[in-house]
Amino acid sequence: MMLRAVIRRASSRSSSASGLGKSLQSSRVAAASSQSFHSVSATETLVPRGNHARSFHHRSSCPGCSDCSRTAFNGYQGISLQRWVRPFSSDSGDVVEAVVPHMGESITDGTLANFLKKPGDRVEADEAIAQIETDKVTIDIASPASGVIQEFLVKEGDTVEPGNKIAIISTSADAVSHVAPSEKIAEKPAPKPSPPAETPKVESTKVAEKPKAPSPPPPTKQSAKEPQLPPKDRERRVPMTRLRKRVATRLKDSQNTFALLTTFNEVDMTNLMKLRSQYKDAFFEKHGVKLGLMSGFIKAAVSALQHQPVVNAVIDGDDIIYRDYVDISIAVGTSKGLVVPVIRGADKMNFAEIEKTINGLAKKANEGTISIDEMAGGSFTVSNGGVYGSLISTPIINPPQSAILGMHSIVQRPMVVGGSVVPRPMMYVALTYDHRLIDGREAVYFLRRIKDVVEDPQRLLLDI
C-alpha cells in the first residue's frame, strides 16, 4: 500500500510538470508570433481574405484587446494572406513616364512636332508638354502628374507610336533639389573613374541613336522615283508635314478611284441676303450667334440630299449603301492644312444650331484642338471657296463620300429680271460627283434644288 501511494504521487508530479512545460512552450510561441507581427507591421500590412480584415498596426497598439487577438488568430488559421505594400519613396524621388496616347483607330504613328517644355521645367498634371503631328490632327501629350521634367527620351522629328515613352518626370520636389547638385558635382570631377564610366554609356547610346535618324528608307525611294531638283540660289527645301502628305494622298486617291464629273449653276443671293440683313440683330440677340450665309446653304443641302438620296449614298464593293441620316462635312482651311469637321445630324438642326456648330468647329480647327472623332464620318461635304475670293472651281470629292458642293464668291452681275437688265448679287455653285453612282440627271436636279431653296428660303418652311 505504501509503495502504491509513492507511485501515485510521482506520476501526479510528472504530469503537472509536463503541463507546466507545455504552457511555457505555448507562451513562448505566442511571444514569438506577436514579435513577428510587430516586425511586419513596421513595413507592410497583412490582410486576410475575409470579410473581417484588420490591420496588425491596431493589434500591436492594443495587445490586451480580446477582439483583436481573437480576430487575428481566427483569421490567420487556414486562410491565405495578401500583401499590401505601400509604394516606397527614396531620396532620389518618385518618377513617372509620359507616353504617347492612343491617337485614333486609323492612326498608327505620328511625328513629334515640338516640345512645349524643357528639361527642368515645372509642369502640372494634364499640362501639355509636347505635340504630335498626325495625318489628320495635332495631338498634345499631357503630363501624367505634377512634377519637374528630368529628360526627354525622343527628339523633335522622330516618329512615335502609341505607348512610346516621351519624357521622365520627377514627382518629388525634394528629389529634384537632390538630383540637381549631384549632376553639377558629376560634371566638375571629370578625372574620377565613375563619371567617365557614365559618360561613355551616354555617348554610346547617342552614337547608337544616330544611325537610326538617317536610316528611314522612304526618302531614298522617293528620290529614286522623283529626281530632286539641283539646288539654286534663293531657294529653301522644307519637308512636307504629315497632314499635307495625307491630304495629297487622299486627293490623288480620289482622282484615281472616282469617275469625277462637275456640273455648275448660278444662284441669285438677293433674297437670302435680304433675310439675313433683316433678322440678323434679332437672331443674334436671341441665339447669341451671328446669322451667316453658310447655314442657309447647309439647310439647302439637307433638302437636296433628301430629294436625291443617291447623292448621300456611297459605293462599297458591289453594293450601294444608302444613308438615312445627313452628316455634312465642312472644309476648313488652316495654316497647317485642310481639315474637314463634321456637322452631325444636320437634318435635325435649325439655323441657330448649325451656326453655333460651325463656329465651334471652325474655332477648334484654327486653334489646332479639333479631335479625330469630330472629323470622322460625314456623308456629304460643303466647301466655301468664296471666303478667299474664288469665282468658280471644280472641287474634289472627299473619300469615301460621293459628292461635294462648292460655294464661291458673290459678285454683282447684270441679270435679266422681268424683261429688264438689273444688277444682282450672283454666286456660282458647283457639284462634283462620282459618275459611277450618280447620273447627270440626279446631279442636275440636286443642284437645281440648291438654287431654288437659296433663292426662295420660304420653301424650307413650307417643305415644297
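Calculation notes
- Residues numbered from 1 in each chain as written.
- Predicted model: local features only at pLDDT ≥ 70, side-chain atom pairs only at ≥ 80, totals over all residues.
- Heavy atoms only, no water.
- Patch = residues over 30% accessible without salt bridge, like charges linked within 9 Å, V, L, I, M, F, W, Y side chains within 5 Å.
- Areas by Shrake-Rupley, 256 points an atom, 1.4 Å probe, with all protein chains shown as cover.
- Salt bridge = Lys/Arg side-chain N within 4 Å of Asp/Glu carboxyl O.
- Helix = DSSP H or I, 4+ residues; strand = E, 2+ residues; numbered from the N terminus.
- Buried < 20%, exposed > 50% of the residue type's maximum accessible area, 1.4 Å probe, protein only.
- Axes fitted to C-alpha atoms, helices over the stretch in contact; angles between N-to-C directions.
- Left-handed = near helix turned anticlockwise from the far one by under 90°.
- Contact = heavy atoms within 4.5 Å.
- Nonpolar A, V, L, I, M, F, W, Y, C, P; charged D, E, K, R; others polar.
- Core = buried A, V, L, I, M, F, W, Y, C linked by side-chain atoms within 4.5 Å.
- Phe/Tyr/Trp six-rings, centres within 6.5 Å; stacked < 30°, edge-to-face > 60°.
- Lys NZ or Arg CZ within 6 Å of the ring centre and 35° of its normal.
- Pairing = 2+ DSSP bridges.
- Parallel < 35°, antiparallel > 145°, perpendicular 65-115°, else oblique.
- Expected span 1.5 Å × (residues − 1).
- Bend = angle between axes of the 7 residues up to and from the residue.
- pLDDT = per-residue confidence, 0-100.

Let's talk about a nonpolar patch on the surface
Step number 1: On the surface, Phe-264, Leu-391 and Ile-392 cluster together to form a nonpolar patch covering roughly 270 Å² of accessible area.
Step number 2: Note on placement: Leu-391 falls in the loop between strand E18 (380-384) and strand E19 (403-407).
Step number 3: Classification of Leu-391 as partly exposed rests on a relative accessible area of 43%.

Description of the packing of helix H9 (residues 293-307) against helix H10 (residues 351-367)
Step number 1: Packing of H9 against H10 leaves a shortest axis separation of 9 Å and a crossing angle of 115°. H10 is crossed by H9, and the crossing has right-handed handedness. Every residue of H10 that contacts H9 at Met-294, Ser-295, Gly-296, Ile-298 and Lys-299 is listed here: Phe-351, Ile-354, Glu-355 and Ile-358.
Step number 2: The residue inventory of the contact of H9 with H10, partitioned by class, reads 5 nonpolar, 2 polar and 2 charged.

Some details on the nonpolar core
Step number 1: Formed by 69 residues in total, the largest nonpolar core has its most connected members in Ile-129, Ile-166, Phe-297, Ile-298, Phe-380, Val-382 and Ile-450.
Step number 2: The leading source of residues in this core is H9, at 9 residues.
Step number 3: Apart from the residues lying within four places of it in its own chain, the contact partners of Ile-129 are Ala-98, Phe-115, Leu-116, Lys-117, Val-123, Ile-141, Ser-143, Ile-149, Ala-167 and Ile-169.

Side note on the packing of aromatic side chains
Step number 1: Counted according to the given criterion, the structure contains 2 aromatic pairs.
Step number 2: Between Phe-380 and Phe-446, the aromatic rings sit 5.4 Å apart at their centres with planes inclined by 55°, giving tilted as the arrangement. Of this pair, Phe-380 sits in strand E18 while Phe-446 sits in helix H11 (residues 440-455), and the two are 66 residues apart along the sequence. Phe-446 matches Phe-380 in its accessibility class, with the two residues each being buried.
Step number 3: Across from the ring centre of Tyr-428, 4.2 Å away, lies the NZ or CZ of Arg-413, which sits over that ring.

Description of the pattern of salt bridges
Step number 1: Enumeration over the complete set of coordinates arrives at 9 salt bridges.
Step number 2: We note a salt bridge from Arg-441 to Glu-442, for which the minimum N-O separation is 3.0 Å.
Step number 3: Overall, the relative accessible area of 56% leaves Arg-441 in the exposed class.
Step number 4: Using a relative accessible area of 13% as the deciding quantity, one classes Glu-442 as buried.

Observations concerning the pairing of strand E8 (residues 147-152)
Every other side chain in a regular strand lies on the same face of the sheet, so the side chains alternate between the two faces.
Step number 1: In this structure, strand E5 (residues 122-123) lies alongside E8, joined through 2 bridges in antiparallel fashion. Bridge pairing links Val-123 to Gly-147 in E8.
Step number 2: Both E8 and strand E10 (residues 165-170) contribute to a ladder of 4 bridges, which runs antiparallel. Its bridge partner being in E10, Glu-151 is matched across the sheet by Ile-168.

Re the packing of H9 against H11
Step number 1: Remark: H9 packs on H11, axes separated minimally by 9 Å, with the N-to-C direction vectors making an angle of 140°. Considering their axes alone, H9 and H11 lie oblique with respect to each other. With respect to the hand of their crossing, H9 and H11 are arranged in right-handed fashion. Across the interface between the two elements, Phe-297, Ala-300, Ala-301, Ser-303, Ala-304, Leu-305 and His-307 of H9 pack against Phe-446, Arg-449, Ile-450, Val-453 and Val-454 of H11.
Step number 2: Residue composition of the contact of H9 with H11, by class: 9 nonpolar, 2 polar and 1 charged.

Some remarks on helix H8 (residues 270-287)
Step number 1: Spanning 18 residues, H8 covers 24 Å between terminal C-alpha atoms, matching the ideal 26 Å at 1.5 Å per step.
Step number 2: Along its length, H8 reaches its greatest deviation from straightness, about 55°, at Tyr-279.
Step number 3: Gly-288 sits one or two residues past H8 and shows a positive phi near 75°.

Thoughts on the confidence of the model for the protein chain
Step number 1: On average, residues of the protein chain carry a pLDDT of 74, and 66% of them reach 70 or more.
Step number 2: The low-confidence segment residues 66-92, where pLDDT is below 50, has 37 contacts with residues more than four positions distant or belonging to other chains.
Step number 3: Every residue in residues 194-213 is under pLDDT 50, and counting partners more than four places away or in other chains gives 5 contacts.

So, the sheet that holds strand E7 (residues 138-142)
Step number 1: Overall, antiparallel pairing links the 4 strands, which are arranged E7-E6-E4-E9 in an open sheet. Among the strands making up the open sheet, the edge pair consists of E7 and strand E9 (159-160).
Step number 2: Summarising the sheet, strand E4 (residues 110-115) and strand E6 (residues 128-133) pair through 4 bridges and their orientation is antiparallel. Residue pairing in the sheet places Phe-115 in a bridge with Ala-130 of E6.

Focus on the environment of Arg-244
Step number 1: Its location among the elements puts Arg-244 in helix H7 (residues 242-257).
Step number 2: Once the C-alpha coordinates of Arg-244 and Leu-338 are considered, the two residues, 94 residues apart in sequence, prove to be 8.0 Å apart.

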